[in-house]
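# Close look at the chain arrangement
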Amino acid sequence: MANVIVIGAQWGDEGKGKITDLLSRSADVVVRYQGGVNAGHTVVVQDQIFKLHLIPSGILYPNTECIIGSGTVVDPKVLLEELDQLKALNISTKNLLISETAHVTMPYHRLIDQASEEFRGDHKIGTTKRGIGPTYADKSERIGIRVVDLMDPTGFREHLRWTIEYKNVILEKLYNLPPLDPEAVIDEYLGYADRLRPHVVDSSMRIYEAVQQRRNILFEGAQGTLLDLDHGTYPYVTSSNPVAGGACVGGGVGPTIIDRVIGVAKAYTTRVGEGPFPAELEGELGKLLCDRGAEFGTTTGRKRRCGWFDAVIGRYAVRINGLDCLAITKLDVLDELDEINVCVAYDLDGDRCLDFPSNARLFARCHPIYKTLPGWKQSTAHCRSLEDLPTQALDYLKFLAELMEVPIAIVSLGANRDQTIIVEDPIHGPKRALLHDTKGQEVGVK
Ligand code: IMP
């Protein structure tokens, strides 16, 4: 039995969907523990493309139980659309379970997210405008609506009548928007409730039972470490905790049940929305990575900002998540390049920094210090083992592993399931400590 957390080690969009899909093969239960429909996973199975926002990609395996955990925020309308999409493709959704204590994203959350971004002007975060921040804000303010409330028509009516009255003041007076009709919202959402009811459970109890039965549990993080509300590049973050620690809170489990933490990082870096990005590439090279990597958001369609691999944030992700190993994705995107830079440190006003500053204004003044490696100038899309890789590609991976001080367990070279090199079984292979030699060697691909 192994209970594993998979997290994004950068600013999200690392290709976690493909890696969790691969690992879901040996999982009995997959738990999504935070975030909402701001996330987007693209999974490709035999040329069929699945775009999922809330439902864990484990749903594509007929016997895997998929849990949308307590720490998530659930937009019922989008969730039902996803369920319909899967059913239309003959994928069974009977194993989808939704936590009764997850919070519900309501229409006013979306409206407030959109309006507040406009209101902020130059200070905007660049959110997905899916109502995520306002849903979590209501949770903290203790006026949120949980799935369990949505399942109770009388309580829901009562709660929503006064909540909408309150939100209408904000919509009308602060944002100059028309008020919402509480009865129309109530009717719409009670309709969703009827359809979702068969899936609603006490999720932490289900996970606890799975632990007792020694079933394999995969905790799937959305977004990435640097978007974490507490540990990311605040304020340009999301409103939940994508870091590994979030899996325990958002799943409702104790940390002692976790066996492994796997970080997913792209072979380069991307970021969507606002905020400093020292290794960002503008011009032709940035465009090349964007085009070759199809770097457009699954949820918003926004063009992602692209840059070189940033080992400063990478090392931070290793530390803050306690990573055991890494999955490096999209290596093939670098195939055509003559030379590849890796950001090994930052220059901040003449000082060399190995960590990023917490102050966003200082972070914006950081300049990348690069180490340049030769490119391999040939396709890697067909490679299925380390031996198949060109020497320069292998050297690049070794360099990343040495910088990050964790072994690379998986290398992904394309969107399809088979375009993958499994270096080491990330779940059942030896733990990091066993692979780690004191000189920092042998920590990477062997
Ligand atoms: P929010 O989560 O919609 O509030 O957006 C806050 C920040 O997180 C913005 O910079 C978004 O672009 C970013 N973000 C949210 N979800 C994702 C994701 O799944 N991938 C990458 N960035 C995301």
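Above this text you will find the structure in question.
Below you will find a few notes about this structure.

## Thoughts on the site of the ligand
- Taken together, 15 residues lie around the ligand, and Asp13, Asn38, Thr128, Thr238 and Arg302 are the ones closest in.
- Gln223 is positioned such that a nitrogen or oxygen atom in its side chain is 3.2 Å from a nitrogen atom of the ligand.
- Between the ligand and Val272 there is a distance of 3.2 Å, counted from an oxygen atom to a backbone nitrogen or oxygen.
- Considering the ligand on its own, with 470 Å² of exposed area, one finds that the protein chains cover 96% of that surface.

## Quick word on the pairing of strand 16 (residues 339-348)
- The element strand 16 is extensively covered by neighbouring structure, given that 8 of its 10 residues are classed as buried.
- Pairing between strand 14 (residues 309-310) and strand 16: 2 bridges, direction parallel. By the bridge assignment, Phe309 is partnered in strand 16 with Val342.
- Strand direction decides the pairing type here: strand 16 and strand 18 (residues 367-374), joined by 8 bridges, are antiparallel. When the bridges of strand 18 are listed, Glu339 appears paired with Pro374.
- Bridging between strand 16 and strand 17 (residues 351-353) involves 3 bridges; their strand directions are antiparallel. Across the sheet, residue Tyr346 finds its bridge partner in strand 17, namely Cys353.
- Linking strand 16 back to strand 17 in an antiparallel pair, the connection comprises 2 residues, with Asp349 at a positive phi of about 50°.

## Observations concerning the environment of Pro357
- As for its placement among the helices and strands, Pro357 is situated in the loop between strand 17 and helix 12 (360-363).
- Expressed as a C-alpha distance, the spacing of Pro357 and Asn416, which sit 59 residues apart in the sequence, is 37 Å.
- Sequence-distant contacts of Pro357, defined by excluding residues within four places in its chain, comprise Leu348, Leu362, Phe363 and Cys366.

## Side note on helix 3 (residues 107-120)
- With 14 residues, helix 3 ought to run about 20 Å at 1.5 Å a step, and its terminal C-alpha atoms sit 20 Å apart, in line with that.
- Inspection of helix 3 places Pro107, Tyr108, His109, Ile112, Asp113, Ala115, Ser116 and Glu117 among the buried residues, and these make up the whole buried set.
- For helix 3, the elements touching its buried residues are strand 8 (103-104), helix 4 (132-141), helix 6 (153-174) and helix 7 (182-196).
- One or two steps after helix 3, the chain reaches Gly121, where phi turns positive at roughly 55°.

## Side note on the pattern of salt bridges
- Tallied over the full model, the rule gives 21 salt bridges.
- Asp84 is paired through a salt bridge with Arg195; the nearest N and O atoms lie 2.7 Å apart. Here Asp84, found in helix 2 (residues 76-88), pairs with Arg195, found in helix 7; they are 111 residues apart in sequence, far enough to count as distant.
- The class of Asp84 is partly exposed, set by a relative accessible area of 35%.
- The partly exposed category is assigned to Arg195, whose relative accessible area is 41%.
- A salt bridge links Asp418 to Arg384; the shortest N-O distance between them is 3.8 Å. Remark: Arg384 occurs in the loop between strand 18 and helix 13 (391-404) and Asp418 occurs in the loop between strand 19 (408-412) and strand 20 (420-422); sequence separation between them is 34 residues.
- One continuous salt-bridge network, built from bridges that share partners, spans Asp13, Lys266, Glu295, Arg304 and Lys330.

## Side note on the packing of helix 3 against helix 4
- Contact pair helix 3 / helix 4: the axes reach a minimum separation of 7 Å and the direction vectors enclose 120°. With respect to their mutual orientation, helix 3 and helix 4 come out oblique. Remark: the crossing between helix 3 and helix 4 carries right-handed chirality. For the pair helix 3 and helix 4, the contacting residues are Tyr108, His109, Ile112 and Asp113 in the first and Ile132, Pro134, Thr135 and Asp138 in the second.
- Its residues placed into classes, the contact of helix 3 with helix 4 shows 4 nonpolar, 2 polar and 2 charged.

## Focus on the sheet that holds strand 15 (residues 325-329)
- One open sheet holds the 10 strands; their spatial order is 9-7-5-2-10-1-11-15-19-20, and the pairing between them is mixed. Looking at the sheet topology across the chains shown, the edges are occupied by strand 9 (200-201) and strand 20.

## A look at the packing of aromatic side chains
- According to the stated counting rule, one finds 7 aromatic pairs in the structure shown.
- Between Phe356 and Phe363 the ring centres are 5.3 Å apart and the planes differ by 35°, which places this aromatic pair in the tilted class.
- When its relative accessible area of 2% is taken as the criterion, Phe363 is described as buried.
- Through successive ring pairs, a cluster of aromatic residues spans Tyr316, Tyr346, Phe356 and Phe363.

## Remarks on unusual backbone geometry
- Along the chain, Tyr234 connects to Pro235 via a cis peptide bond; the corresponding omega equals 5°.
- Tracing the chain through its elements places Pro235 in the loop between strand 10 (217-220) and helix 9 (245-251).
- Even without being a glycine, Arg214 presents a positive backbone phi close to 60°.
- As for its placement among the helices and strands, Arg214 is situated in the loop between helix 8 (203-212) and strand 10.

## Thoughts on the pairing of strand 5 (residues 65-68)
- Where burial is concerned, the two faces of strand 5 agree: the one with Glu65 and Ile67 and the one with Cys66 and Ile68 are both buried.
- Bridge count for strand 2 (residues 29-32) against strand 5 is 4 bridges, and the pairing is parallel. What sits directly across from Val31, in strand 5, is Ile67.

The rules we used
The residue count restarts for each chain, going from 1 along the sequence in the order it is written. Reporting in this predicted model follows two pLDDT cut-offs: at least 70 for local features of residues, and 80 or more for side-chain atom pairs to be given and counted; totals over whole chains, interfaces and linings ignore these cut-offs and use all residues. The basis for every side-chain value is the complete set of non-hydrogen atoms in the structure, without hydrogens or water. Proximity criterion: a residue is near a molecule or strand once any of its heavy atoms comes within 4 Å of it. Pairs of N or O atoms are called polar contacts if they sit within 3.5 Å, as long as, within protein, a hydrogen donor faces a hydrogen acceptor (for residues adjacent in sequence, only side-chain-to-side-chain pairs). We get accessible surface area from the Shrake-Rupley algorithm with a probe of 1.4 Å; when it comes to residues, only the shown protein chains can shield them. Burial status follows relative accessibility: with a 1.4 Å probe on protein chains alone, a residue under 20% of its type maximum counts as buried, one over 50% as exposed, and anything between as partly exposed. Numbering of helices and strands starts at the N terminus; helices are DSSP runs of H or I of at least 4 residues and strands are runs of E of at least 2. DSSP calls a pair of strands paired once it identifies at least 2 bridges connecting them. We call two residues in contact when some of their heavy atoms are within 4.5 Å. One fewer than the residue count of a helix, multiplied by 1.5 Å, yields its expected span. What makes a salt bridge here is a side-chain nitrogen of Lys or Arg within 4 Å of a carboxyl oxygen of Asp or Glu, nothing more. In this analysis an axis means a line fitted to C-alpha atoms, helices contributing only their contacting stretch, and an angle means the value between N-to-C directions, from 0 to 180 degrees. Small angles under 35 degrees read as roughly parallel and large ones over 145 as roughly antiparallel, with 65 to 115 read as roughly perpendicular and the rest as oblique. By definition, turning the near helix anticlockwise from the far helix through less than a right angle yields a left-handed crossing, and turning it clockwise yields a right-handed one. Throughout, the ten residues Ala, Val, Leu, Ile, Met, Phe, Trp, Tyr, Cys and Pro are labelled nonpolar, Asp, Glu, Lys and Arg are labelled charged, and all others, Gly among them, are labelled polar. Note on aromatic contacts: the rings of Phe and Tyr and the six-membered ring of Trp form a pair at centre separations within 6.5 Å, being stacked when their planes are under 30 degrees apart, edge-to-face when over 60 apart, and tilted otherwise.

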